[in-house]
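# Inside the fold
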Amino acid sequence: MSIKSIFVAGHRGMVGSAIVRQLSCDHNVKLITCSHDELELLNQRDVFDFFIQHNIDQVYLAAAKVGGILANNTYPADFIYQNLTIQNNIIHGAHLAGVQDLLFLGSSCIYPKLAPQPMREDVLLTSTLESTNEPYAIAKIAGIKMCESYNRQFGRNYRSVMPTNLYGSNDNFHTNNSHVIPALIRRFHEAKLNRDPQVVAWGSGSPMREFLHVDDMASASIYVMNLDQAIYEANTESMLSHINVGTGVDCTIRELVETVAKVTGYRGEIVFDTSKPDGAPRKLMDVSRLRALGWNASIELEQGLKRTYEWFLVNQETLRK
C-alpha cells in the first residue's frame with residue numbers, strides 16, 4: 001500500500017489533535033502539520049505556496065476561529081472574516097495544487113434556530129439562524145457550499161461533516177470562556193478541592209443536549225474521508241452533501257450535571273438556578289445518514305467524561321487560568 005501524505009490544518013485544536021492522534025497510528029500515513037508561526041492560514045500567498053511545496057494527498061480542514069457566545073457577540077467581524085479567509089485559502093489552495101481529497105469540518109450551528117428535532121441535513125438554509133453565532137454559521141455554510149461547488153465544477157472529492165457538541169482532550173477549560181462540559185468539570189473539581197457545600201448550575205436542568213467525544217469525531221472524520229466515492233454519492237446529494245456527526249442520543253442538562261459530579265467525585269449539593277436562561281429546549285442531530293454509511297459512535301457519555309476528567313487532571317497545570 002502506498003504512503004498517503006495528509007495535511008491536518010488546525011492540528012493543535014481539540015478536533016485536529018484527535019485526528020492527528022488517530023492518523024499517527026497508521027504506518028501508511030505521512031502526516032504534515034504546521035504551527036501558526038510556520039504557516040499563517042490567513043495569508044493567501046503563504047497557503048498557496050505551502051500546497052505547491054508539498055505533495056499532499058488529503059486535507060483535513062479543522063482550522064477555525066472558535067469561541068463561546070460572548071466571543072461571538074463581541075467579535076462578529078473577526079469570526080466571519082477569519083473563518084471565511086482560512087477555508088477559502090485552504091480549499092482553493094488545495095484545488096490549485098491538484099489535491100483531490102479534502103474534508104471540511106463544520107458545526108451544528110449551521111442549522112436554523114428553530115429547526116425541527118432531530119436536525120436533518122436537509123433543514124440547512126430553510127429558516128433564520130441563531131443570531132448570537134450567525135457570522136460563524138454563515139462562514140461554515142459557505143465552506144460546505146464551496147466544497148460542493150468545487151466538486152461540481154472541477155470533479156473534486158471535497159466532503160463536509162457537521163459535528164454536534166464536542167468535548168474531550170484538548171478542550172478549553174477556561175473559567176469564563178468554555179463550553180458546558182469543560183466548565184462543569186472544572187467547577188466540580190474545584191468545588192471538591194475547596195469542600196464547597198453546593199454547586200450552582202444555570203437553568204432548570206430540563207433542556208436536552210447531545211454530546212460527542214472528540215475521539216469519536218476523529219474516527220467519523222477519517223471514516224467519511226475514506227469512504228468509497230460511489231457509496232458516498234449514493235447516500236448524499238451534490239448540493240446537500242454534508243453529513244451530521246453525533247451519537248443520535250441526548251440527555252437533560254440535569255443528567256449531565258449529575259454525571260459530571262459523579263465522575264469528579266463531588267459529594268455536595270447541586271442547586272439549579274431557575275432564574276438563569278435555559279436556551280433552546282432541545283438540540284439533537286439526526287445521524288441516520290452517517291449510520292447508513294456504516295459508522296456509529298462508540299464512546300458513551302459517562303465513559304467519555306471519565307476520559308476527559310483524567311486528561312484534565314494530568315494537564316490542569318498547563319491550562320489557562
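Below is a short write-up of the structure. Only a predicted model underlies this, so the values are computations on that prediction, with no experimental measurement involved.

Before going further, it helps to spend a moment on the packing of aromatic side chains. One pass over the full model with this rule turns up 10 aromatic pairs. A ring pair is formed by phenylalanine 50 and phenylalanine 51, whose centres lie 5.6 Å apart and whose planes are at 75°; its orientation type is edge-to-face. The pair phenylalanine 50 / phenylalanine 51 is uniform in exposure class, with both members buried. On the basis of an interplanar angle of 15° and a centroid distance of 6.3 Å, the ring pair of tyrosine 309 and phenylalanine 312 is categorised as stacked. Remark: phenylalanine 312 and tyrosine 309 occur in helix α11 (residues 301-315); sequence separation between them is 3 residues, near one turn of the helix. Each member of the pair tyrosine 309 and phenylalanine 312 is classed as buried. Members of the aromatic cluster, joined through ring pairs, are Phe173, Tyr309, Trp311 and Phe312. Across from the ring centre of phenylalanine 79, 5.0 Å away, lies the NZ or CZ of lysine 65, which sits over that ring. The ring of tyrosine 232 carries arginine 159 above its face, with NZ or CZ at 4.1 Å from the centroid.

Before going further, it helps to spend a moment on the sheet that holds strand β11 (residues 251-252). Sheets are built from strands that pair by backbone hydrogen bonding, the pairs being arranged parallel or antiparallel. Taken in spatial order, the 3 strands make up an open sheet running β11-β8-β13, and their pairing is mixed. Whereas interior strands pair on both sides, the edge strands pair on one side only; in this sheet they are β11 and β13 (282-283).

Right, let's get into the pattern of salt bridges. Here the structure, examined in full by the defined rule, presents 9 salt bridges. Residue glutamate 190 is joined to arginine 186 by a salt bridge in which the shortest nitrogen-to-oxygen separation is 3.0 Å. In this pair, glutamate 190 and arginine 186 are both assigned in helix α6 (residues 180-194), 4 residues apart and thus about one turn of the helix distant. One continuous salt-bridge network, built from bridges that share partners, spans Arg21, Asp215 and Arg307.

Calculation rules
Residues numbered from 1 in each chain as written. Predicted model: local features only at pLDDT ≥ 70, side-chain atom pairs only at ≥ 80, totals over all residues. Heavy atoms only, no water. Phe/Tyr/Trp six-rings, centres within 6.5 Å; stacked < 30°, edge-to-face > 60°. Buried < 20%, exposed > 50% of the residue type's maximum accessible area, 1.4 Å probe, protein only. Helix = DSSP H or I, 4+ residues; strand = E, 2+ residues; numbered from the N terminus. Lys NZ or Arg CZ within 6 Å of the ring centre and 35° of its normal. Pairing = 2+ DSSP bridges. Salt bridge = Lys/Arg side-chain N within 4 Å of Asp/Glu carboxyl O.

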